[in-house]
2 protein chains.
Amino acid sequence: MKYRVQVEVLPRRGILDPQGRAVADALRTLGFADVEEVHLGRHLVVELAAASADAARASVTAMCERLLANPVTEQFVVGAAETA
Amino acid sequence: MKYRVQVEVLPRRGILDPQGRAVADALRTLGFADVEEVHLGRHLVVELAAASADAARASVTAMCERLLANPVTEQFVVGAAETA
């Protein structure tokens, strides 16, 4: 069965996030004065074959631990596995 | 009131996604043979002051249209506004 799993990877709270800061500054320059903070990370959609939705999520979690996220500086959230 | 709004920005379907492709290849090389496709985009968390949750979402949608996403090559989804 084919599944689609969403992953978000974001800088850990307290870790310097210069990209997020640059985006916040740019937004304020454009006139969005109410912006207080922006955090910038990655969003991934992984499509994979797996025996079940649980197996798909477990596999994507292993991918995050091995490649998709840097555990020192980033945290990740693996979303639900939808059939694709 | 302070709100936190999640945004995901992804390459439009059918648009070349070389980064996603590189990630898929790297995952297969690492032994995740069941990976079929990966799409790679950005995840943003915007914290802003707004009068209501609807106003916060509308403001973030305007930010996406003006800066956060490239409408030619990317699509974006603005999530619900949570109080921060």
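Whatever comes next refers back to the structure up there.
Below is a short write-up of the structure. Each chain carries its own residue numbering, running from 1 in the direction its sequence is written. The lettering of chains begins at A and the numbering of ligands begins at 1, in the order of writing. Residues qualify for local features only when their pLDDT is at least 70, as the model is predicted, and side-chain atom pairs are given and counted only at 80 or more; totals for whole chains, interfaces and linings, by contrast, use all residues. Hydrogens and water molecules were not included; the side-chain quantities draw on all heavy atoms of the structure.

1. Considerations on the interface of chain B and chain A
Consideration 1: Contact definition: two residues touch when any of their heavy atoms are within 4.5 Å. Each partner contributes to the interface: chain B provides 33 residues, whereas chain A provides 33 residues.
Consideration 2: Note on definitions: buried area is the accessible-area loss of two parts on being combined, 1.4 Å probe, summed for both. For the chain B and chain A pair, buried surface summed over both sides reaches about 3,000 Å², with 63% attributable to carbon and sulfur atoms.
Consideration 3: Summed over the three residues of chain B that lose the most area to chain A, namely Phe32(B), His43(B) and Glu47(B), the buried surface amounts to 20% of that side.
Consideration 4: Throughout this description, the term salt bridge denotes a Lys or Arg side-chain nitrogen within 4 Å of a carboxyl oxygen of Asp or Glu. Viewed at the interface, chain A and chain B are joined by four salt bridges.
Consideration 5: Between Glu36(A) and Lys2(B) there is a salt bridge, with the nearest N and O atoms lying 3.6 Å from each other.
Consideration 6: Here a polar contact is taken to be a pair of N or O atoms separated by no more than 3.5 Å, where protein atoms must pair a possible hydrogen donor with a possible acceptor and residues adjacent in sequence count only if both atoms sit in side chains. Applying the counting criterion to the chain B and chain A interface returns 17 residue pairs in polar contact (both at pLDDT 80 or more).
Consideration 7: Broken down by secondary-structure element, the contributors of at least two residues to the side of chain B that touches chain A are strand E1 (2-11), helix H1 (18-29), strand E2 (35-49) and helix H2 (53-68) of chain B.
Consideration 8: Secondary structure elements are taken from DSSP: a helix is a run of H or I of four residues or more, a strand is a run of E of two residues or more, and numbering for both begins at the N terminus. Residue contributions to the side of chain B that touches chain A peak at 15 residues, all from E2(B).

2. Quick notes on the environment of Arg28(B)
Residue and element names in this part refer to chain B.
Consideration 1: On the secondary structure map, Arg28 appears in helix H1.
Consideration 2: As for Arg28 and Ala56, which are separated by 28 residues in sequence, their C-alpha atoms are 40 Å apart.
Consideration 3: Arg28 has contacts with Ala33, Val35 and Glu36, leaving out every residue within four places of it along the chain.

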